[in-house]
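Summary of the model geometry
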Amino acid sequence: VWTGQQLAGPNVAFHARLSPDGRMLAFVALVDGQRQLAVMQPRSVNWTVLTHDTAGGGVFSMCWSHDGGKIYFDRGDNLPRGIHSVPALGGEEHLILDEAALPVAMPDGSLLFLRVVPGGAFRLHHFWPDTGRVEPLHAFTFQEVRLTPDGKEAVFYGNPTEPAPPMGFYALDLSSGKFRRLAPHLKTGLDD
């Protein structure tokens, strides 16, 4: 849990993400009992709620587009309902991908995301908004995925071949589809 009180933000906020230019902070704020997407300038005392939907599920996580012009976010309740986008300075939210969660913006404008597959596991997918193409990747995880600084690898905690233990930290090369185990000696307590 992250709190923005020192920044004059809301009393309860989650998943803070700094914009690519470092001038804005996006976060999930609790507004009237519902998780919504909000933004603020870190040096300001003002913050703005960008989303207002109360029927589509709460906002869970978000990421900035690489140009900082929009924010991708997911909505859900017990299951992911979809990934949406909204202009960073406010406007209408738009559903861009149904039954998807945990968006990660790629340098080329595409997105990585998780989707529940048969059996109930979360599998990593790659999505190209311009064409609508979706490609499942060799990564099963239940947590947020991170990119390496060059954007060429997705780093995740899970299993690259099946949604079952043993789990570990992996880096997936997004161009070749090959993966490598990171810190195989590290015991997390989540492997069982």
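Scroll up to find the structure this text is about.
In this report, the structure presented in the accompanying data block is examined. Please read these numbers as outputs of a predicted model, since none were measured by experiment. (Residues numbered from 1 in each chain as written. Predicted model: local features only at pLDDT ≥ 70, side-chain atom pairs only at ≥ 80, totals over all residues. Heavy atoms only, no water.)

Residue position: Ala38 is located in strand 3 (residues 34-40). We classify Ala38 as buried; its relative accessible area is 0%. Residues within four places of Ala38 in sequence aside, it is in contact with Leu25, Ala26, Phe27, Ala29, Trp47, Thr48, Val49 and Leu50. (Helix = DSSP H or I, 4+ residues; strand = E, 2+ residues; numbered from the N terminus. Buried < 20%, exposed > 50% of the residue type's maximum accessible area, 1.4 Å probe, protein only. Contact = heavy atoms within 4.5 Å.)

On to the side chain of Ser85. Within the secondary structure layout, Ser85 lies in strand 7 (residues 80-87). Under the relative-accessibility criterion, Ser85 is labelled buried at 8%. Discounting chain neighbours no more than four positions away, the residues touching Ser85 are Lys70, Ile71, Tyr72, Phe73, Glu92, Glu93, His94 and Ile96.

Glancing now at unusual backbone geometry. Non-glycine residue His15 carries a positive phi angle of around 50 degrees. Position of His15 relative to the elements: it lies in strand 1 (residues 13-18). The phi dihedral of Ala183 falls on the positive side, at around 45 degrees, and the residue is not glycine. With respect to the secondary-structure elements, Ala183 resides in the segment after strand 16 (179-182).

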